[in-house]
Amino acid sequence: GMSRLLVLGNAGIDLLCPVPHLPRPGETLVAMDQVRAPGGKGLNQAVVAARAGAAVRFVAPVGQDGAAAELVAALGAEPLDGLALLPQDAPTDLSLLMVAADAENCILSLGAAADALPAAAAEAEAAALGPDDMLLVQGNLSRQATAAAMRMAVGRGARVLLNAAPLRWDMAALLPLCTLVVANAGEAEALTGQAGAEAAEALHHAGAGLALVTLGAEGCVAAGRAGTTHHAATPARAVDTTGAGDTFCGTLAACLLAGDALAPAIAAAQRAAALTVARPGAFAALPSAEELRALLAEPRA
Ligand code: ATP
């Protein structure tokens, strides 16, 4: 059958609040507005990969509350192949994003549902993977659940893509389980103590089959057995880079699953991410299925 992408990660509600300034200690701040949107790195990456044409099963822990129902409704509009929002004994995750007039922001994330997913549930999901399939995970779930799913996926012969974000627990021990690890500059430096191409090479030497370090407007660096290559970003008028990393990872996973070679997959991921940086918000800034279809039909080096 068709290759499948299992995205195992977090899903929650983003509450975006424009504020006159970022809060000071002890201050009560009144926001000018509140905009609710689906969010979470897992959810964003699953949505992008599905819109990019991959057969995606998205699995995420949620609460047993109205927010979980909101997520079910929102994801019903997405071209997902499978969806399992697993109810936990915790409220659905919530991120409060305060954005000041100068675009500086401050984020408070509540991740009790993400933390609550048992390792056995994560492992059971990965047990359905086959050698043509791929697992995509991030850093929002617990180390135990993430490691259990990765080990099972490797055992099943599936490819494993780890986005090393956020860095909440030590990911170094999991690098040997990665077909591909994607880290931004800050995460790569925290993991390796190095910058740029050296960081990507260090991640590869630490066990990742391939390591990709994203460098914002500077593009990205890939390091693997075939050597180290730099890939320039797609020029963009940056308005709000939130979600760029998620668009990059979701598009990259979809292209690699479809059988693209690394360079064209990276080119597509960077073109897709350039669309996201040119728009405000996270979920609202993800490229549409139409945009991704057009982008993927373009010739890519
Ligand atoms: P974020 O946390 O903002 O979602 P990130 O820190 O995970 O992003 P970045 O390295 O900032 O990741 O960006 C990921 C990719 O998005 C880059 O490799 C690049 O292709 C694209 N990108 C990011 N910023 C810009 C920009 N200013 N102009 C063009 N492309 C960009």
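Residues numbered from 1 in each chain as written. Predicted model: local features only at pLDDT ≥ 70, side-chain atom pairs only at ≥ 80, totals over all residues. Heavy atoms only, no water.

Asks: Just to check I follow, could you spell out the sheet that holds strand 13 (residues 227-231) for this structure?
Replies: Strand order in the open sheet made by the nine strands is 5-4-1-8-9-10-11-12-13, with mixed pairing throughout. Every other strand in the sheet has two partners, leaving strand 5 (82-87) and strand 13 as the edge strands with one partner each. Strand after strand, the sheet turns through a mean of 15° between neighbouring axes, direction not considered. Note that strand 11 (residues 210-214) and strand 12 (residues 220-224) share five bridges and pair antiparallel. (Pairing = 2+ DSSP bridges. Helix = DSSP H or I, 4+ residues; strand = E, 2+ residues; numbered from the N terminus. Axes fitted to C-alpha atoms, helices over the stretch in contact; angles between N-to-C directions.)

Asks: What is the right way to look at the site of the ligand in this model?
Replies: As a structural note, the neighbourhood of the ligand is formed by 18 residues, with N184, T214, G216, T241 and Q270 the closest of them. Backbone polar atom of T241 to an oxygen atom of the ligand: 2.8 Å apart, as the coordinates give it. Alone, the ligand offers 620 Å² of accessible surface; in the complex the protein occludes 83% of this. Counting residues per element, the ones that place at least two in the shell around the ligand are helix 8 (244-257) and helix 9 (262-277). Tallied by class, residues from the shell around the ligand come to eight nonpolar, 10 polar and no charged. (Near = heavy atom within 4 Å. Polar contact = N/O pair within 3.5 Å; in protein donor to acceptor, adjacent residues only side chain to side chain. Areas by Shrake-Rupley, 256 points an atom, 1.4 Å probe, with all protein chains shown as cover. Nonpolar A, V, L, I, M, F, W, Y, C, P; charged D, E, K, R; others polar.)

Asks: Would you take a moment to explain the side chain of T247 for this structure?
Replies: If you trace the backbone, T247 turns up in helix 8. If we ignore the near neighbours within four places in the chain, the residues touching T247 are V48, A272, A273, T276, L286 and P287. (Contact = heavy atoms within 4.5 Å.)

Asks: Just checking my understanding: could you explain helix 5 (residues 143-155) for this structure?
Replies: Since the α-helix packs 3.6 residues into each turn, any two residues three or four apart lie on the same face. Spanning 13 residues, helix 5 covers 18 Å between terminal C-alpha atoms, matching the ideal 18 Å at 1.5 Å per step. Buried within helix 5 we find A145, T146, A147, A148, A149, M150 and A153. Its buried side turned inward, helix 5 meets strand 1 (4-8), helix 4 (119-126), strand 8 (134-137) and strand 9 (159-163). Directly after helix 5, the chain includes G157, whose backbone phi takes a positive value near 85°. (Expected span 1.5 Å × (residues − 1). Buried < 20%, exposed > 50% of the residue type's maximum accessible area, 1.4 Å probe, protein only.)

Asks: It is not clear to me how the pairing of strand 13 should be interpreted in this structure. Could you clarify?
Replies: Where a strand is regular, its side chains alternate between the two sheet faces. When strand 12 meets strand 13, the two strands line up antiparallel, connected through five bridges. Bridged to C220 within strand 13 is H231. Linking two consecutive strands that pair antiparallel, namely strand 12 and strand 13, is a turn of two residues.

Asks: So what exactly am I meant to see when it comes to the packing of helix 6 (residues 185-192) against helix 7 (residues 196-205) here?
Replies: Each pair of packed helices can be described by the angle between their axes along with the distance between the axes. It is the contact of helix 6 with helix 7, at a shortest axis distance of 9 Å, that shows an interaxial angle of 55°. What the angle tells us is that helix 6 and helix 7 run oblique. The two elements helix 6 and helix 7 meet at a crossing, and its hand is left-handed. Contact with helix 6, carried on its side by A188, L191 and T192, involves A199, A202 and L203 of helix 7 and no other residues of that element. Within the contact of helix 6 with helix 7, the residues separate by chemical class into five nonpolar, one polar and no charged. (Parallel < 35°, antiparallel > 145°, perpendicular 65-115°, else oblique. Left-handed = near helix turned anticlockwise from the far one by under 90°.)

Asks: So what exactly am I meant to see when it comes to the confidence of the model for the protein chain here?
Replies: Detailed conclusions should not be drawn from predicted coordinates in areas where pLDDT is low. Overall, the prediction assigns the protein chain a mean pLDDT of 96, with 99% of residues at 70 or greater. Confidence, expressed as mean pLDDT per element, reaches its minimum in the protein chain at strand 7 (residues 105-110) with 92 and its maximum at strand 8 with 99. (pLDDT = per-residue confidence, 0-100.)

Asks: Got a minute to help me understand the sheet that holds strand 7 in this structure?
Replies: The pairing of strands in a sheet happens through backbone hydrogen bonds and is either parallel or antiparallel. Within the open sheet, the four strands sit side by side as 3-2-6-7. Their pairing is mixed. In the strand order of this sheet, the two ends are held by strand 3 (35-39) and strand 7, each with one partner. Ignoring strand direction, the axes of neighbouring strands in this sheet form an average angle of 20°. Of the pairings in the sheet, the one linking strand 6 (residues 93-99) to strand 7 comprises six bridges and is antiparallel in character. Bridging from a neighbouring strand, L94 pairs with L110 of strand 7. Along the sheet, helix 2 (residues 66-75) makes contact with strand 2 (12-18) and strand 3, crossing strand 2 at roughly 95°.

Asks: Where do I start with the environment of A282 in this structure?
Replies: Its location among the elements puts A282 in the loop between helix 9 and helix 10 (289-297). Not counting chain neighbours up to four residues away, the residues in contact with A282 comprise D14, N44 and T242.

Asks: What is the right way to look at the nonpolar core in this model?
Replies: Soluble, globular proteins show a tendency: their nonpolar side chains are buried together. Residues L5, V56, F58, L212, F248 and L252 are the most contacted members of the largest nonpolar core, which totals 48 residues. In terms of residue count, the dominant contributor to this core is helix 8 (eight residues). Dropping the residues within four chain positions of it, V56 is found in contact with L5, V7, A46, A49, A50, L80, D81 and G82. The next biggest cluster of nonpolar side chains, apart from the first, holds 38 residues, and it includes V137, V181, A200 and V213. (Core = buried A, V, L, I, M, F, W, Y, C linked by side-chain atoms within 4.5 Å.)

Asks: Would you explain the packing of helix 1 (residues 41-51) against helix 8 in this entry?
Replies: It is at 8 Å that the axes of helix 1 and helix 8 come closest, and there the two elements cross at 45°. With respect to helix 8, the element helix 1 is oriented oblique. As for how helix 1 packs across helix 8, the hand of that crossing is right-handed. Seen from helix 1, the contacting residues are K41, N44, Q45, V48 and A49; seen from helix 8, they are D246, T247, C249, G250, T251 and A254. Residues of the contact of helix 1 with helix 8, tallied by class, amount to four nonpolar, five polar and two charged.

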